[in-house]
Structure formats: structure tokens, C-alpha cells
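Geometric and topological summary
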Amino acid sequence: MQQATVSARPSGRWSQMALWKKILIGMILGVIAGITLGPDAEVLKPIGTLFINAIKMLIVPLVFCSLVVGVTSMQDTRKMGRIGIKSVVLYLGTTAVAISIGLGLATLLTPGLGLDMAITEAAPAAKEAPTLVQTLLNLIPKNPISALAAGNILQIIVFALGLGIALTLCGEKAEPAIRVFESLAEGMYKLTELVMKLAPYGVFGLMAWVSGKYGLEILMPLIKVIAVAYIGCLLHVVVFYSGLISIVGRLSPVRYLKGLINPAAVAFTTTSSSGTLPATIKASREELGVSKGISSFVLPLGATINMDGTALYQGVCALFIAQAFGIDLAFSDYLLIIMTSTLASIGTAGVPGAGLIMLSLVLTTVGLPMEGLAIVAGIDRILDMARTSVNVCGDLMVSVLVAKSENELDESIYNAEATVSEKEAELA
Ligand code: ASP
């Protein structure tokens with residue numbers, strides 16, 4: 001009966017379909033429309049431009065509110081003192097490494113080379129590379145309101161972090177202001193959700209335009225982007241995290257890799273590190289022997305501020321877009337990307353697709369065209385699966401290292417021959 005109703009109303013089926021499936025359909029239909037119409041498909045481009053403008057509209061308020069809230073949610077960090085500082089340093093440090101791996105691999109494997117896409121929006125002004133000192137001095141907005149109005153992302157990030165820290169230090173007196181930011185951030189997340197409903201249509205319009213202009217040549221580079229991002233994610237977990245576990249933690253990396261399988265699988269399928277949190281906490285306690293105290297503090301913090309996979313993906317995509325549009329990035333641009341992406345990870349929500357919005361921020365900071373965003377949006381789900389798994393593996397790695405340094409790691413559990421889930425499987 002239910003079935004009959006649903007099949008009688010195809011639009012009902014469309015509205016119930018998961019967003020990523022709709023985006024994928026939008027992308028496929030866009031490619032078909034583009035190939036069929038050829039250069040005439042440009043008439044469909046305004047649909048894409050509408051979507052891009054809507055995303056641009058979100059950037060400043062979203063980043064500002066979510067960063068302030070990201071910092072104030074670390075209130076406990078102050079209480080937890082040493083553990084908090086250790087975790088935040090590890091989280092941000094590993095994020096900077098992740099994005100460097102992404103940038104390095106994309107430079108080496110050049111997924112966007114030869115695409116020769118033309119920039120149709122105002123070309124980023126030919127920039128003289130600012131010196132490092134200039135870049136650092138420019139981080140502090142002399143006037144935060146004009147930074148907000150001009151959309152100077154790095155300055156906005158710095159101001160938001162400062163305000164967040166100050167509000168946290170004020171304690172009770174700042175609670176009303178914190179609640180205002182929390183509520184504004186919720187509103188911005190909702191608005192993001194609404195704007196993302198336009199994504200399938202926007203992706204359709206832009207893919208039609210791009211493939212009408214460049215033909216099927218566009219598909220191969222997208223497959224390359226996926227390959228580069230997956231290689232980077234694997235390297236980051238298997239080489240970098242395992243390396244830290246064995247060198248810094250003096251623990252078996254194999255046991256770490258075995259322990260992360262369950263939460264990584266949940267993250268891969270749900271693409272939400274917040275949604276995976278229960279599985280991450282269970283694994284860190286039962287498979288890796290992290291104490292309750294450490295895991296219940298370090299892991300929720302990680303699900304909020306630690307996004308190594310997302311940062312790595314942003315590095316790959318930013319360079320892909322620069323290569324596709326033939327834009328040369330200066331060394332200072334690379335530093336800007338690392339800085340923006342690392343700081344922005346604090347404000348990235350652990351929900352599906354959040355990294356895509358944050359990519360728009362990285363692109364804006366270095367003046368890369370936003371059209372590139374809609375092109376990678378078509379494959380975002382596939383990339384999100386890998387990056388969310390890495391986000392979660394990073395949280396687990398930090399929980400193990402912090403627990404070990406605080407003598408709160410039960411090594412008899414960590415080194416147990418059979419993991420708890422293996423024992424459970426045997427009993428079943
Ligand atoms: N889906 C990711 C997460 O939940 C965030 C992102 O979109 O990069 O960790």
C-alpha cells in the first residue's frame with residue numbers, strides 16, 4: 001500500500017532521497033545535458049551561479065558564529081588544563097600535517113593539470129606575494145567590522161578565536177552572549193542545510209556548463225581527485241598516525257590500526273564524526289584501553305575541532321581547482337591555505353558535507369574561483385567518506401597518546417590478543 005503511494009508520486013521519492021544521492025544524480029544529468037547541448041549548455045549556468053552565490057552568502061556569518069561557539073565549547077579545556085592543552089596542540093598540529101600531505105600529493109600528482117578551465121568570474125587580482133611578516137601582521141584586523149564586511153577570512157577567524165577565548169574567560173557574565181552565538185550558529189547551520197538543498201540543481205547547472213564546454217575530459221580529473229584524496233588519507237593514518245603511536249607513544253601501531261576498524265567503518269558509512277562518537281568512545285575504551293576520564297573529554301572535543309581528513313581534502317581540492325583554472329599559487333598562498341584550513345577546522349561541524357562549505361572559505365582566502373567548488377561537489381560524498389574516517393582515526397590516536405602520557409592507558413587492554421569485538425563475535 002505504502003509502496004503504491006510512493007511510486008505514484010515520484011516527487012515524493014525525490015524529496016525523501018538522501019542529499020548526496022540527489023547531488024550525484026544532478027551531476028550525472030548535468031554531464032549528460034552538457035554533452036548533448038554542447039557550448040549551448042551555458043544557458044544552464046545561472047542555476048549554478050545561484051547556488052554559488054548562496055554559499056558565498058553563508059561564509060562570513062557561518063565561520064564567525066561557529067568559530068566563536070567552537071572555542072566556547074572548549075570551556076572544559078580550561079578546567080582540564082594540561083590534558084586540554086595537550087589535546088588541542090596535538091589536534092591542530094596533526095591537522096596542519098594533514099593539509100600539507102594533501103597539498104604535497106596534489107602538487108606531485110597534479111589531478112587538475114591540462115583541464116584549462118577559464119575563469120568567468122572576476123579574476124583574482126594578480127597578487128604580488130606578500131612577505132611572511134606582512135601576512136602575519138595582516139592576521140590582526142585593525143577593525144573587525146570592516147574585516148567582516150570585506151570578508152577577510154583570516155582576520156575574521158582571528159577575531160572570532162579571540163572573542164571566543166575572551167567570552168570563555170569571562171565565565172558567568174558572558175553566558176548570555178555565548179548563548180546568543182550558540183543560537184546564531186544553530187540558525188546558520190539550518191540556513192546551510194537549506195542552501196545545500198539547492199546543491200543538486202546547482203551542481204546540475206555547473207556540470208552541464210563545464211561538460212558542455214570541455215566534453216567528457218572533465219571526468220578523468222575528478223577520478224584523479226578521488227584517487228589523490230584516498231591515497232593521502234591512507235598515508236596519513238597508516239604512516240603518520242601509526243608513526244606517532246609507535247615513536248611518541250611507544251605502542252604497537254598494529255593494535256591501534258586494529259582498534260580503529262569499527263569506528264572508521266561507521267564514519268565511512270555515516271560521514272559524520274559527531275554521529276560516530278559513541279562508536280569512537282567505545283573503541284577507545286574497550287579496544288585501546290583509554291580511561292573513561294580521558295576518552296569522555298578528548299573524543300567529544302576531537303569530534304568538534306579535529307578534522308584532519310577534511311583539511312587534507314581541502315588541500316587536494318584547492319590545488320586541483322588552482323591547476324584546473326591555471327592559477328599559479330605562490331608559496332605564501334600555500335601557507336595561507338595551511339593556516340586557514342587548520343584554524344577553520346575548529347569551526348567545522350562533524351556532520352556530512354560540512355567540509356565542502358569550509359572549502360569555499362579556503363578558496364576565498366587565496367582567491368580561487370568558486371566554480372571549482374561546484375565541480376568537486378558532485379563527488380563530495382565519496383570524498384566525505386574517506387575524510388570523516390580519517391577525522392575519527394585522528395581523534396582516537398590523540399586519545400591514546402594523551403592517555404599514555406597521563407598514565408591512563410590500560411596497556412593490558414591495548415595489547416590484548418583478541419579485541420573486545422573479536423571476543424564478542426566468538427561468543428555470538
Ligand atoms: N563529514 C565530516 C565529519 O563529520 C566533516 C566534513 O564534511 O568534512 O567529520
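Just above, that's the structure.
My aim in this report is to walk through the structure given alongside it, one point at a time.

Let us look at the overall build of the chain. Scanning the chain from N- to C-terminus turns up 23 helices and 0 strands. Expressed as a percentage of its 428 residues, the buried residues of the chain come to 52%. Here the chain displays about 18800 Å² of accessible surface, and carbon together with sulfur accounts for 68% of that area.

Let us look at the pattern of salt bridges. Opposite charge on two side chains allows them to pair when their charged atoms are near. Tallying each qualifying case throughout the model produces 8 salt bridges. A salt bridge links lysine 86 to glutamate 406, with the nearest nitrogen and oxygen atoms 2.4 Å apart. Taken together, the residues span a long stretch of sequence, with lysine 86 in helix α6 (residues 82-109) and glutamate 406 in the loop between α21 (380-405) and α22 (411-414) at a distance of 320 residues. Lysine 404 is the salt-bridge partner of glutamate 411, the closest N and O atoms lying 2.9 Å from each other. Beyond isolated ion pairs, a larger network of salt bridges with shared partners links Arg82, Lys86 and Glu406.

What describes a pair of aromatic rings is the distance from one ring centre to the other and the angle between the planes of the rings. Enumeration over the complete set of coordinates arrives at 4 aromatic pairs. Judged by centre distance (5.8 Å) and plane angle (5°), the ring pair of phenylalanine 64 and phenylalanine 159 falls under stacked. Separated by 95 residues along the polypeptide, phenylalanine 64 in helix α4 (residues 45-72) and phenylalanine 159 in helix α9 (residues 153-170) bring together distant segments of the chain. Given a relative accessible area of 30%, phenylalanine 159 falls into the partly exposed group. Their ring planes at 75° and their centres at 5.8 Å tell us that phenylalanine 64 and phenylalanine 181 sit as a pair that is edge-to-face.

Ser273, Thr310, Gly355, Arg387 and Asn391 are the nearest of the 16 residues found near the ligand. Serine 273 is positioned with one of its side-chain polar atoms (N or O) 2.6 Å from an oxygen atom of the ligand. One nitrogen or oxygen atom from the main chain of glycine 353 is found 3.5 Å from an oxygen atom belonging to the ligand. Out of a free accessible area of 270 Å², the ligand has 100% covered by protein chains. Among the elements that make up the shell around the ligand, the one with the highest residue count is α21 (4 residues).

Since the α-helix advances by 3.6 residues per turn, residues separated by three or four positions end up pointing in the same direction. Of all the 13 residues making up helix α19 (residues 354-366), 12 are buried; the element is thus mostly covered by neighbouring parts of the structure. Within α19, burial applies to Ala354, Gly355, Leu356, Ile357, Met358, Leu359, Ser360, Leu361, Val362, Leu363, Thr365 and Val366. Taken from the residues just after α19, glycine 367 is the one with a positive phi, measuring 70°.

On to unusual backbone geometry. Backbone geometry places arginine 250, a non-glycine residue, at a positive phi of 50°. Within the secondary structure layout, arginine 250 lies in the loop between α12 (219-247) and α13 (253-259). The class for arginine 250 is exposed, based on a relative accessible area of 69%.

This next bit is on the packing of helix α3 (residues 19-37) against helix α11 (residues 199-214). Running from N to C, α3 and α11 cross one another at 25°; their axes reach a closest spacing of 7 Å. The angle between α3 and α11 places the two elements in the roughly parallel class. The crossing of α3 and α11 is right-handed. Residues Leu19, Lys22, Ile23, Gly26, Met27, Leu29, Gly30, Val31, Ala33, Gly34 and Ile35 of α3 touch α11, and the partners they reach there are Ala199, Pro200, Val203, Phe204, Met207, Ala208, Ser211 and Gly212. The residue inventory of the contact of α3 with α11, partitioned by class, reads 13 nonpolar, 5 polar and 1 charged.

This part takes up the side chain of threonine 271. With respect to the secondary-structure elements, threonine 271 resides in the loop between α14 (261-270) and α15 (273-287). In this structure threonine 271 comes out as buried when scored by relative accessible area, which is 1%. Looking at threonine 271, its side chain comes within polar contact range of the side chain of arginine 381, at 3.3 Å. Excluding its chain neighbours within four sequence positions, the residues that come into contact with threonine 271 are Val266, Val351, Pro352, Arg381, Asp384, Met385 and Thr388.

On to the state of the cysteines, then. As enumerated under the stated definition, the model contains 0 disulfides in all. Unpaired in terms of disulfides, cysteine 233 finds its nearest cysteine sulfur in cysteine 393, a separation of 9.3 Å.

Close contact between α15 and helix α16 (residues 292-305) brings their axes to 10 Å; oriented N to C, the two are set at 155°. Taken together, the axes of α15 and α16 lie roughly antiparallel to each other. Our pair here, α15 against α16, has a crossing hand that is right-handed. Each of Ser273, Ser274, Leu277, Thr280, Ile281, Ser284 and Arg285 in α15 lies in contact with α16, whose residues at this interface are Lys292, Ser295, Ser296, Leu299, Pro300 and Ala303. A class-by-class count of the residues in the contact of α15 with α16 yields 5 nonpolar, 6 polar and 2 charged.

What counts as what
- Residues numbered from 1 in each chain as written.
- Predicted model: local features only at pLDDT ≥ 70, side-chain atom pairs only at ≥ 80, totals over all residues.
- Heavy atoms only, no water.
- Helix = DSSP H or I, 4+ residues; strand = E, 2+ residues; numbered from the N terminus.
- Buried < 20%, exposed > 50% of the residue type's maximum accessible area, 1.4 Å probe, protein only.
- Areas by Shrake-Rupley, 256 points an atom, 1.4 Å probe, with all protein chains shown as cover.
- Salt bridge = Lys/Arg side-chain N within 4 Å of Asp/Glu carboxyl O.
- Phe/Tyr/Trp six-rings, centres within 6.5 Å; stacked < 30°, edge-to-face > 60°.
- Near = heavy atom within 4 Å.
- Polar contact = N/O pair within 3.5 Å; in protein donor to acceptor, adjacent residues only side chain to side chain.
- Axes fitted to C-alpha atoms, helices over the stretch in contact; angles between N-to-C directions.
- Parallel < 35°, antiparallel > 145°, perpendicular 65-115°, else oblique.
- Left-handed = near helix turned anticlockwise from the far one by under 90°.
- Contact = heavy atoms within 4.5 Å.
- Nonpolar A, V, L, I, M, F, W, Y, C, P; charged D, E, K, R; others polar.
- Disulfide = S-S within 2.5 Å.

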